[in-house]
Amino acid sequence: MEKITKLLNDFNELVMFKHSIFSLPFIFIAMVVAANGWFGFSLCILGILAALTARNFAMGFNRYLDRDIDALNPRTVNRPNVDGRISPTQMAIFVALNAIGFIIVAYFVNDLAFYMSVPILIVIGSYSYFKRFSFLAHLILGVSLGLAPIAGVVAVSETIPLWAILLSIGVMFWVAGFDLLYSLQDIDVDKELGLHSIPSKFGAKNTMIISRVFHLFTVIFWLLFVIVSNSSTFAFIAVAVSALMLSYEHYLVNKDFRKIDKAFFTVNGYLGIVFFVLIVLDNL
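Residues numbered from 1 in each chain as written. Predicted model: local features only at pLDDT ≥ 70, side-chain atom pairs only at ≥ 80, totals over all residues. Heavy atoms only, no water.

An unreviewed UniProt entry lists the protein chain under the name 4-hydroxybenzoate polyprenyltransferase, with Malaciobacter marinus given as the organism. Quoted straight from UniProt, the Cofactor (unreviewed entry) entry for the protein chain says "Mg(2+)". The Sequence similarities (unreviewed entry) comment attached to the protein chain in UniProt states, word for word, "Belongs to the UbiA prenyltransferase family." (UniProt positions renumbered as here; feature names shortened; annotations may be inferred.)

This is the structure we're talking about:
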């Protein structure tokens with residue numbers, strides 16, 4: 001039993017399970033808006049399972065593919081995919097099981113969700129390759145998490161309305177923007193290893209400017225989402241609060257690079273939760 005518990009803890013560390021908080025709220029935001037309220041217990045369970053299996057697949061695949069790179073980065077050298085706690089074979093099995101699980105869950109949601117399941121896996125898996133040849137990897141990560149609202153609305157209505165696309169584009173820029181800040185930690189390692197990233201290509205100062213621009217786009221697209229979806233007061237408050245939280249995130253990083261973790265995990269985690277709660281209130 002101890003061995004099983006330890007292995008589960010190692011996998012939890014491998015995929016950083018607590019970071020699911022970034023994608024889960026926006027799946028359910030789209031589901032709440034599409035259903036104009038509660039969308040049902042069964043869809044809630046399927047939505048959670050879909051989000052977790054997709055994220056486990058993406059993170060597991062990334063850790064599997066990046067184990068050689070992570071071994072050369074002092075920040076990541078103690079990860080389970082590097083220090084031997086989880087073998088490549090175990091990671092490959094984990095990735096395959098979550099991919100199959102995601103497709104099965106999509107099958108039980110509806111036909112469109114099922115047809116989209118494999119293309120979604122291809123998109124979210126492709127992020128792991130991009131850093132090897134393109135500094136646009138940050139945007140690919142954004143696209144990967146930006147698919148969450150699309151998946152949410154498809155689950156409820158089996159359609160992809162304009163407001164869901166606007167919400168997803170906002171999520172894309174949100175994720176890409178905070179990933180830029182997070183990537184500042186690896187700027188020297190990326191240069192040394194010849195990896196492609198915006199910080200290693202354009203420098204820290206320009207990266208922070210690009211991140212601010214991305215987050216400005218985030219607020220604009222979320223505002224458009226609120227307008228097009230005919231939402232009301234609480235939704236507008238959600239956008240305003242998000243703008244304030246993103247501004248605070250940049251304030252923290254500008255003030256002290258050592259606050260990157262706080263900006264990345266704490267501020268962005270709360271942003272998703274607050275946005276979700278206010279959208280729920282808007283649809284009561």
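Following the UniProt record, the feature "transmembrane region" (unreviewed entry) maps to residues 21-39, 86-106, 112-130, 135-156, 162-182, 209-228, 234-251 and 263-281 here. A helix fraction of 90% and a strand fraction of 0% characterise residues 86-106, whose end C-alpha atoms lie 28 Å from each other. For residues 162-182, helix accounts for 100% and strand for 0%, while the C-alpha atoms at its two ends are 30 Å apart. (Helix = DSSP H or I, 4+ residues; strand = E, 2+ residues; numbered from the N terminus.)

This next bit is on the packing of helix 5 (residues 88-109) against helix 6 (residues 111-130). Following both chains from N to C, one finds helix 5 and helix 6 inclined at 155°, their axes separated by 7 Å at the closest point. Between helix 5 and helix 6, the interaxial angle falls into the category roughly antiparallel. Pair helix 5 / helix 6 crosses with right-handed handedness. Only Ala113, Phe114, Ser117, Val118, Ile120 and Leu121 of helix 6 make contact with helix 5, whose side of the interface consists of Ala99, Phe102, Ile103, Ala106, Tyr107 and Val109. Grouping the amino acids of the contact of helix 5 with helix 6 by side-chain chemistry returns 11 nonpolar, one polar and no charged. (Axes fitted to C-alpha atoms, helices over the stretch in contact; angles between N-to-C directions. Parallel < 35°, antiparallel > 145°, perpendicular 65-115°, else oblique. Left-handed = near helix turned anticlockwise from the far one by under 90°. Contact = heavy atoms within 4.5 Å. Nonpolar A, V, L, I, M, F, W, Y, C, P; charged D, E, K, R; others polar.)

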